[in-house]
Amino acid sequence: MCIDCGCSERTGQAHHHHDHDHDHDGRTIRVEENLLAKNDRLAAANRVRFTRHGLLTLNLVSSPGSGKTTLLETTLRALKDELRFAVLEGDQQTSNDADRIAATGVPAHQINTGAGCHLDAHMVAHGVDHFDLDNLDVLLIENVGNLVCPASFDLGEDSKVTVLSITEGEDKPLKYPQMFRAAAIVIVNKIDLLPHLDFDLDQCRQFIRQVNPQARIFELSCRSGAGMDAWYDWLRAQVAAKRQQAQS
Amino acid sequence: MHELGITQSIVDIAERTTRKHGGGRVRSVTVEIGELSGVIPDAVEFCFEVCSKGTLLEGARLVIETVPGQGRCPQCQTEQAIDNYSFACENCGAFGLERVRGEELRIKELEVD
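Being a predicted model, the structure only gives us computed values, none of them experimental.

**Overview of the packing of aromatic side chains**
All names here are of chain A.
Logical step 1: Across all of its chains, the model carries 3 aromatic pairs over all chains by this definition.
Logical step 2: Measuring from ring centre to ring centre gives 5.8 Å for Phe218 and Trp231, while their planes differ by 75°; the resulting arrangement is edge-to-face. Residue Phe218 is located in strand β8 (residues 216-219), and its partner Trp231 is located in helix α8 (residues 228-247); the two are separated by 13 residues in the primary sequence.
Logical step 3: Note on Phe218: relative accessible area 4%, which makes it buried.
Logical step 4: Here Trp231 falls in the buried class, since its relative accessible area comes to 2%.
Logical step 5: A ring pair is formed by Trp231 and Trp234, whose centres lie 5.7 Å apart and whose planes are at 15°; its orientation type is stacked. Of this pair, Trp231 and Trp234 both sit in helix α8, 3 residues apart, which is roughly one turn of that helix. There is no split in this pair, since Trp231 and Trp234 are both buried.
Logical step 6: Here the aromatic residues Phe218, Trp231 and Trp234 are joined through ring pairs into a cluster of three or more.

**Thoughts on the sheet that holds β8 of chain A**
Residues and elements named next belong to chain A.
Logical step 1: Strands sit in the order β4-β3-β5-β2-β6-β7-β8 across an open sheet of 7 strands; the sheet is parallel. Looking at strand neighbours, the two that pair on one side only are β4 (108-112) and β8, the edges of this open sheet. Strand-to-strand twist in this sheet, taken as the mean axis angle between neighbours without regard to direction, amounts to 20°.
Logical step 2: Here 5 bridges tie strand β3 (residues 85-91) to strand β5 (residues 138-142), and the two strands are oriented parallel to one another. By the bridge assignment for β5, Val87 is matched with Leu140.
Logical step 3: Sitting on the sheet, helix α2 (residues 68-79) is in contact with β2 (56-62), β3, β5, β6 (159-165) and β7 (185-189), with an inclination near 170° to β3.

**Comments concerning the UniProt feature "domain: AAA+ ATPase" (unreviewed entry) in chain A**
Logical step 1: Mapped onto this structure's residue numbering, the UniProt feature "domain: AAA+ ATPase" (unreviewed entry) falls at residues 54-212 of chain A.
Logical step 2: Split by type, residues 54-212 of chain A is 30% helix and 23% strand. Its first and last C-alpha atoms lie 28 Å apart.

**Some details on the interface of chain A and chain B**
Logical step 1: At the interface, 28 residues of chain A touch 31 residues of chain B.
Logical step 2: Where chain A abuts chain B, roughly 2700 Å² becomes buried across the two surfaces, and 56% of that area is made up of carbon and sulfur atoms.
Logical step 3: Area buried by chain A at its contact with chain B is led by Arg27, Ile29 and Leu35 of chain A, which between them contribute 28% of it.
Logical step 4: Our count for the contact surface shared by chain A and chain B stands at 3 salt bridges.
Logical step 5: Measuring nitrogen to oxygen at the nearest pair gives 2.6 Å for the salt bridge that ties Arg30 of chain A to Glu109 of chain B.
Logical step 6: There are 14 residue pairs in polar contact (both at pLDDT 80 or more) connecting chain A and chain B.

Analysis parameters
- Residues numbered from 1 in each chain as written.
- Chains lettered and ligands numbered in written order.
- Predicted model: local features only at pLDDT ≥ 70, side-chain atom pairs only at ≥ 80, totals over all residues.
- Heavy atoms only, no water.
- Phe/Tyr/Trp six-rings, centres within 6.5 Å; stacked < 30°, edge-to-face > 60°.
- Helix = DSSP H or I, 4+ residues; strand = E, 2+ residues; numbered from the N terminus.
- Buried < 20%, exposed > 50% of the residue type's maximum accessible area, 1.4 Å probe, protein only.
- Pairing = 2+ DSSP bridges.
- Axes fitted to C-alpha atoms, helices over the stretch in contact; angles between N-to-C directions.
- Contact = heavy atoms within 4.5 Å.
- UniProt positions renumbered as here; feature names shortened; annotations may be inferred.
- Buried area = accessible area lost by both parts, 1.4 Å probe.
- Salt bridge = Lys/Arg side-chain N within 4 Å of Asp/Glu carboxyl O.
- Polar contact = N/O pair within 3.5 Å; in protein donor to acceptor, adjacent residues only side chain to side chain.

See the structure below:
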């Protein structure tokens, strides 16, 4: 290759007259690198680390106000004597949610993203340094309330769990398909409010299926307790599967 | 606004690559952005001037090549053009179209002085 202009001239087989008095347009450098490569590398390292510790890791995503923190509080209070949890809380500002989680007695660490609209794999890698991973079964990551950006960032989690509260309307899966497509689990929350709203649950299920036919759907209410047992059973089964995977 | 982070990656990768190849001022940087990637090209352009300030890319031309979405039906295997809102196969109506193209987010090449 010609080192002056970087063109691919082969020795003795000049593809053009090459006396270097012509005006070069600069060198062209092929790059072919994924823009998310750095995040994906760190996410892969997180995944290896979590798997080595037999840790089930769930990344909870939703709009602000869908009830992620309440779902976590309720779940922790119900299962903390049975399973060992830790929670990473992502928010732009405040430690309000981490304080709520800490009040349940489960270790929590707050990550403030400032202007950032999502957690990335690097933040999670440092966030989990605050926990003793050898003595944990489940790591729950509460992402920044945002149905757009967190869809693009792998954190090294086992699954994304998208929480949709019925006050948001049944068409959210169609409006934010990336997020619902990226999720293995969709939780339809606040179903105790069904009698008070015009929310069409059947239509919502259909919209979720359209976007993501494989999604596992839970319909529940933290307030009334409806549907919570199915969610807890699923969590227990996932933890058992993860332990088995770590041992094999 | 994850485009800010994406644009920062463009600048970081381009600078690192340029230095590895002997340095110089970057004239242009070409990136591929798939239409299903969830990244808005206009927003990347908007961020580029800020992110490239004070770097080897300051003043460089940002060339964005968009890659249209292409999907394959899991049932009948028909390949078809898709966007983010294509849920059903145009041939058999099945859901869950597999994405074969359009999620690219890649820096392709640089032109360096």
